[in-house]
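Listed below are the residues making up each chain.
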Amino acid sequence: MATPLGARGASSRGSAARARHTAPTPQPATGTAPIVLSGAHVVLPTGTVPDGRVVIDGTRIAATARDDARVVDARGHWLVPGFIDLHNHGGGGASFSGTAEDIQKAIHTHRLHGTTTLVASTVTDDMDFLVRQAGLLSEFTEQGDLAGIHFEGPFISPCRKGAHSEELLRDPDPAEVRKLIDAARGRARMVTLATELPGGLDSVRLLAEHGVIAAVGHTDATYEQTVQAIEAGATVATHLFNAMPTLGHRAPGPIAALLEDERVTVELINDGTHLHPAALELAFRHAGAGRVAFITDAMDAAGIGDGRYMLGPLEVEVSEGVARLVEGGSIAGSTLTQDRAFKRAVTVDRLPVEDVVTALSTNPARLLGISDTVGSLSPGKDADLVLLDENFDLKGVMRKGDWVVDPQLA
């Protein structure tokens, strides 16, 4: 049954839905005593350790356990780093284009599914609105709830607009790009651009100079134009294969250029809708696990279900878990969560667990410049971790030493 639409800037679900989906406040993992999660398959940067252990002392992973540490039996489970999502528009019936309450709800929804580090993505809108929203999202970044802001649009191609409002699109004028960066108060992490548009290459250079990731996406660029963008400083492919020309044998387009260059990390949406398994395999074979980042591109319906929602100013119908614009039928983000992306990658795509961890945690941490604190289960890093059972279903989530989802292990 369709879900009633909320007002713009507010949650797309009613108060009853908010009450139904609001999770309890995370509880401390152990009080003051450290714990040792023991006996799990522990995925480390050096490989998987069967019958391994991870020591949590306060908010961090420790190298050794104190005498008062409590040992918790995690046999039969997989222990992996908390997931990191570079590209996410919302979840739990709420959007990162909404109110402060909506933003907090979307963050918590994805934490319940293992995403302990999250970049909030905006969608094409009026520039004044994006400037205001950047200020609000920067507050959540400053308090540590977000890892930064990703602007997807409005500097994208009308030929490849996907679920973006065409009348609000504009060329990537460096002055306007700078306006968004300034509004984010140093918290902008990525901007998606159609770099072939007027001002595109200059905007890429501007972003690189300010330490902001320039991502090629929603683009109609040729192979040659994409090579120019990479040379100018672009380092990410926004949801590779989607919203760009297909790979051709005479006109290879942006896909070939983005896959072949070792400086580029390629985003993939592994929900079974955005990519055929053969396309995902092609990306992994050609780019290698070290250059792939799994993202959700999630919208409001992630963690909720079918119904009608808003994505920016556009109305979306979600049916059987697939989000499409009511007008035109374009795919409109996803309802994916990272725990589902993990399970699919291992059980359907048959990728090694270590490669999946690299794509979900290690690579995004490196790209964001935060691999000193997150992205692996290494001593000294934040105690951000996910516990999965033998079928790779999520059983526990810890963030900074607190259980978000308590696995209730003995």
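Attention in this report is confined to the structure presented alongside it. These figures come from a predicted structure and were not determined experimentally.

### Quick notes on the overall build of the protein chain
Point 1. For the protein chain, the helix and strand inventory stands at ten helices and 22 strands.
Point 2. Radius of gyration (C-alpha) of the protein chain: 20 Å, near the 22 Å computed for a compact globule of 410 residues.
Point 3. Seen through its C-alpha atoms, the protein chain measures out along the principal axes to roughly 65 × 45 × 40 Å.
Point 4. Across the 410 residues that make up the protein chain, the buried fraction comes to 57%.
Point 5. Partitioning the contacts of the protein chain with sequence separation of at least 6, the portion at a separation of at least 24 is 70%.
Point 6. As displayed, the protein chain offers around 16000 Å² of accessible surface, 49% of which is attributable to carbon and sulfur atoms.

### A short note on the environment of L351
Point 1. The residue L351 is located in the loop between α9 (338–347) and α10 (353–368) in this model.
Point 2. With relative accessibility at 13%, the residue L351 sits in the buried group.
Point 3. Note: C-alpha distance between L351 and A134 (217 residues apart in sequence) is 37 Å.
Point 4. The residues contacting L351, other than those within four sequence positions of it, are L280, F284, F294, A345, V346 and V356.

### Details of the sheet that holds strand β10 (residues 115–123)
Point 1. Taken in spatial order, the eight strands of this open sheet run β7-β10-β11-β12-β13-β14-β15-β16, and their pairing is parallel. In the strand order of this sheet, the two ends are held by β7 (83–88) and β16 (292–295), each with one partner.
Point 2. Two elements, strand β15 (residues 265–269) and β16, share four bridges in a ladder whose sense is parallel. Counted as the bridge partner of E267 is A293 from β16.
Point 3. The sheet strands contacting helix α3 (residues 127–142) are β10 and β11 (148–152), and the helix crosses β11 at an angle near 155°.

### Things to note about the environment of E327
Point 1. Its location among the elements puts E327 in the loop between β19 (322–325) and α9.
Point 2. Residue classification places E327 among the exposed residues on the basis of a relative accessible area of 73%.
Point 3. Here the alpha-carbon distance between E327 and L314, two residues 13 residues apart in the chain, equals 8.5 Å.

### Describing the pairing of strand β6 (residues 78–81)
Point 1. Two strands pair when backbone bridges link them, and strand β2 (residues 35–44) and β6 are joined in this way by two bridges, in the parallel orientation. For H41, the partnering residue across the bridge sits in β6 and is W78.
Point 2. Note: β6 against strand β20 (residues 385–388), four bridges, orientation antiparallel. By the bridge assignment for β20, W78 is matched with L388.

### Describing unusual backbone geometry
Point 1. With an omega of 15°, the peptide bond running from G153 to P154 counts as cis.
Point 2. Its location among the elements puts P154 in the loop between β11 and α4 (174–183).
Point 3. Non-glycine residue F241 carries a positive phi angle of around 85°.
Point 4. Its place among the elements puts F241 in the loop between β14 (236–237) and α7 (253–260).

### Here we look at the packing of helix α2 (residues 100–111) against α3
Point 1. Where α2 meets α3, the closest approach of the two axes is 11 Å, and the angle between their N-to-C directions is 50°. Taken as axis vectors, α2 and α3 run oblique relative to one another. Our pair here, α2 against α3, has a crossing hand that is right-handed. When α2 is examined against α3, the residues A100, I103, Q104 and I107 are found in contact with a partner set consisting of Q133, L136, L137 and F140.
Point 2. Partitioning the contact of α2 with α3 into residue classes produces six nonpolar, two polar and no charged.

### Regarding the side chain of T335
Point 1. Position of T335 among the secondary structure elements: in the loop between β19 and α9.
Point 2. Within polar-contact distance, the side chain of T335 engages the backbone oxygen of G321 at 2.7 Å.

Definitions and cut-offs
- Residues numbered from 1 in each chain as written.
- Predicted model: local features only at pLDDT ≥ 70, side-chain atom pairs only at ≥ 80, totals over all residues.
- Heavy atoms only, no water.
- Helix = DSSP H or I, 4+ residues; strand = E, 2+ residues; numbered from the N terminus.
- Rg over C-alpha atoms; globule rule 2.2 N^0.38 Å.
- Buried < 20%, exposed > 50% of the residue type's maximum accessible area, 1.4 Å probe, protein only.
- Contact = heavy atoms within 4.5 Å.
- Areas by Shrake-Rupley, 256 points an atom, 1.4 Å probe, with all protein chains shown as cover.
- Pairing = 2+ DSSP bridges.
- Axes fitted to C-alpha atoms, helices over the stretch in contact; angles between N-to-C directions.
- Parallel < 35°, antiparallel > 145°, perpendicular 65-115°, else oblique.
- Left-handed = near helix turned anticlockwise from the far one by under 90°.
- Nonpolar A, V, L, I, M, F, W, Y, C, P; charged D, E, K, R; others polar.
- Polar contact = N/O pair within 3.5 Å; in protein donor to acceptor, adjacent residues only side chain to side chain.

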